[in-house]
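Residue-level structural notes
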Amino acid sequence: MKTVNFNHKRATTFDEVLIQIKTNNVAENLTGATILMQLRKEEKGKVIYTFLTTITDAVNGWFKIDEQLIDVPSCIYKYDIQIEFANGTYAGQTQTWISGLFAIDSIISETT
């Protein structure tokens, strides 16, 4: 699982982010997959915000976190990106691929 941290200013538009999912340098097939990204104050806590995501090139493993207005209270949240696969190596499974901190109006250091 990869760790990526974000910083964002409250009540502003979050720019879209394009992401490719690979295993051992081979793109995962996202055909029919469901992608879920949510903010929480603590792991397994109440969902504060659910991101809009779009699969842009399923066969080659590409999706994006859509451009969207994020207006939630200032805090350093935890997030993860989970993918529920419909076919391929992980068919029928839900996997967490990316996680990290999502700071609203706070600065955190980038970890990759």
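For the structure given in this document, a descriptive report is provided here. (Residues numbered from 1 in each chain as written. Predicted model: local features only at pLDDT ≥ 70, side-chain atom pairs only at ≥ 80, totals over all residues. Heavy atoms only, no water.)

1. Brief notes about the sheet that holds strand 4 (residues 17-20)
Taken in spatial order, the 3 strands of this open sheet run 4-10-9, and their pairing is antiparallel. Since the sheet does not close on itself, it has two edges, and those belong to strand 4 and strand 9 (53-57), each with one partner. Taking each pair of neighbouring strands and ignoring which way they run, the sheet shows an average axis angle of 30°. With 4 bridges joining them, strand 9 and strand 10 (residues 62-65) adopt antiparallel strand pairing. Each residue of the ladder has a partner; that of Thr54, found in strand 10, is Lys64. (Pairing = 2+ DSSP bridges. Helix = DSSP H or I, 4+ residues; strand = E, 2+ residues; numbered from the N terminus. Axes fitted to C-alpha atoms, helices over the stretch in contact; angles between N-to-C directions.)

2. Some words on the pattern of salt bridges
Enumeration over the complete set of coordinates arrives at 2 salt bridges. Here Arg10 ties to Asp71 by a salt bridge, and the two come within 3.2 Å at their closest N and O atoms. Here Arg10, found in the loop between strand 2 (6-8) and strand 3 (12-14), pairs with Asp71, found in the loop between strand 11 (68-70) and strand 12 (75-84); they are 61 residues apart in sequence, far enough to count as distant. For Arg10, a relative accessible area of 40% translates into the label partly exposed. When the shortest N-O distance is used, the salt bridge between Glu16 and Lys64 registers 3.2 Å. You can see Glu16 sitting in the loop between strand 3 and strand 4 and its partner Lys64 sitting in strand 10, a full 48 residues away along the chain. For Glu16, a relative accessible area of 45% translates into the label partly exposed. (Salt bridge = Lys/Arg side-chain N within 4 Å of Asp/Glu carboxyl O. Buried < 20%, exposed > 50% of the residue type's maximum accessible area, 1.4 Å probe, protein only.)

3. Some details on the pairing of strand 13 (residues 94-104)
The pairing of strand 1 (residues 2-3) with strand 13 spans 2 bridges and is parallel. By the bridge assignment, Thr3 is partnered in strand 13 with Ser99. Relative to strand 13, strand 2 runs parallel, the two being bridged by 3 bridges. Paired with His8 across the bridge in strand 13 is Ile104.

4. Some details on the side chain of Gln38
In this fold, Gln38 is placed in strand 7 (residues 34-40). Residue Gln38 is classed as buried on the basis of its relative accessible area of 14%. A distance of 3.0 Å separates polar atoms of two side chains, one belonging to Gln38 and the other to Arg40. Within the structure, the side chain of Gln38 is placed 3.3 Å from the side chain of Thr50, a separation counted as a polar contact. The contact partners of Gln38, leaving out residues within four places of it in the chain, are Val47, Tyr49, Thr50, Phe51, Lys78, Tyr79 and Asp80. (Polar contact = N/O pair within 3.5 Å; in protein donor to acceptor, adjacent residues only side chain to side chain. Contact = heavy atoms within 4.5 Å.)

5. A look at unusual backbone geometry
Its identity is not glycine, yet Asn24 carries a phi of approximately 50°, on the positive side. Among the secondary structure elements, Asn24 is positioned in the loop between strand 5 (22-23) and strand 6 (26-27). Since its relative accessible area comes to 75%, Asn24 is described here as exposed. Residue Lys44 is not a glycine yet carries a positive backbone phi of 65°. With respect to the element layout, Lys44 can be found in the loop between strand 7 and strand 8 (47-50).

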